[in-house]
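Coordinates in review
Below are the chains, spelled out letter by letter.
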Amino acid sequence: AASTLQPYQQAFIEFAIEQGVLRFGEFTLKSGRTSPYFFNAGLFKSGRALAQLGRFYAQAIADSGLETDVLFGPAYKGIPLAATTAVALADHHDRDLPYAFNRKEAKAHGEGGNIVGAALAGRILIIDDVITAGTAIREVMGLIEAAGAEAAGVVVALDRQERGGDDRDPRSAIQQVEAAYGMPVVSIVTLDMVLEYLEVHAGDELRGHAEAIRAYRDRYGVQN
Ligand code: OMP
């Protein structure tokens with residue numbers, strides 16, 4: 001299926017490349033696959049980059065029409081993502097939502113509990129970077145269920161659109177998460193959009209990476 005790259009999505013891809021977050025080359029994934037590209041959200045590492053990143057997440061949330069009561073950032077990498085998204089929703093979309101994150105280790109004294117920030121109540125929107133196998137999301141779902149709250153969905157920066165580890169299952173890890181928990185997973189951009197960007201909009205220097213990515217997509221990708 002052809003993707004339709006919106007202006008903010010093209011701007012996000014250009015921003016991620018410029019920040020060194022989206023890279024092309026040869027990378028070994030958690031799954032063991034050798035990928036011709038990698039997205040490292042930890043490299044949005046200045047004040048301005050983080051503010052800009054929050055605006056892209058906020059735009060994707062606004063576009064999705066998802067209804068939510070609390071933003072949640074899974075430790076560790078989701079914490080600054082949820083924080084900057086909360087700021088951008090308030091500053092640019094007039095939506096002042098509560099936000100929360102978890103500690104990895106339960107606290108033995110003081111306020112107790114491993115949730116920091118807003119209480120997990122109502123519809124929780126999880127803010128994360130990339131879902132590959134879905135391991136991190138399963139942990140977060142446990143926290144939300146334990147609090148008696150409900151997951152509204154997940155927002156990630158990039159949907160890699162590749163199959164999960166099980167070769168008999170043609171779905172992506174994201175599609176599996178959507179089916180298992182009955183909630184949508186929204187992304188700022190998809191791999192198809194990155195490909196469209198490289199093939200149609202990018203300069204000669206970047207266009208050369210499209211072929212390897214298309215081959216990777218043919219081998220590991222899901223049908224849309
Ligand atoms: P799961 O928790 O298994 O879904 O894997 C998500 C993790 O994959 C991320 O948190 C990263 O550690 C890693 N990752 C990326 O960050 N970017 C990529 O482009 C690919 C991966 C990966 O290893 O698959």
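Owing to the predicted nature of the structure, the values given are computational and were not obtained by experimental measurement. (Residues numbered from 1 in each chain as written. Predicted model: local features only at pLDDT ≥ 70, side-chain atom pairs only at ≥ 80, totals over all residues. Heavy atoms only, no water.)

This next bit is on the pattern of salt bridges. Pairing between side chains becomes possible if they bear opposite charge and their charged atoms approach one another. Tallying each qualifying case throughout the model produces ten salt bridges. Linking K77 and D129 is a salt bridge whose minimum nitrogen-to-oxygen distance equals 3.0 Å. With K77 in the loop between β3 (70-73) and α3 (78-93) and D129 in the loop between β6 (123-127) and α4 (135-146), the pair connects residues that are 52 residues apart, well separated along the chain. Exposure remark for K77: the relative accessible area of 51% places this residue in the exposed category. The partner of E199 in a salt bridge is R214, with the nearest N and O atoms 3.0 Å apart. You can see E199 sitting in helix α6 (residues 191-201) and its partner R214 sitting in helix α8 (residues 210-220), a full 15 residues away along the chain. The partly exposed category is assigned to E199, whose relative accessible area is 35%. Exposure remark for R214: the relative accessible area of 41% places this residue in the partly exposed category. Within the structure, one salt-bridge network assembled from shared partners comprises R33, R160 and E162. (Salt bridge = Lys/Arg side-chain N within 4 Å of Asp/Glu carboxyl O. Helix = DSSP H or I, 4+ residues; strand = E, 2+ residues; numbered from the N terminus. Buried < 20%, exposed > 50% of the residue type's maximum accessible area, 1.4 Å probe, protein only.)

In this structure, F12, F39, F44, I127 and I188 are the most contacted members of the largest nonpolar core, which totals 50 residues. Considering each element in turn, this core owes the most residues, seven residues, to helix α2 (residues 47-64). If sequence neighbours within four positions are ignored, F39 has contacts with F12, A16, V21, L22, F44, V130, A157 and L158. Counting 20 residues, the second-largest nonpolar core is a separate cluster that includes I137, V140, I144 and A173. (Core = buried A, V, L, I, M, F, W, Y, C linked by side-chain atoms within 4.5 Å. Contact = heavy atoms within 4.5 Å.)

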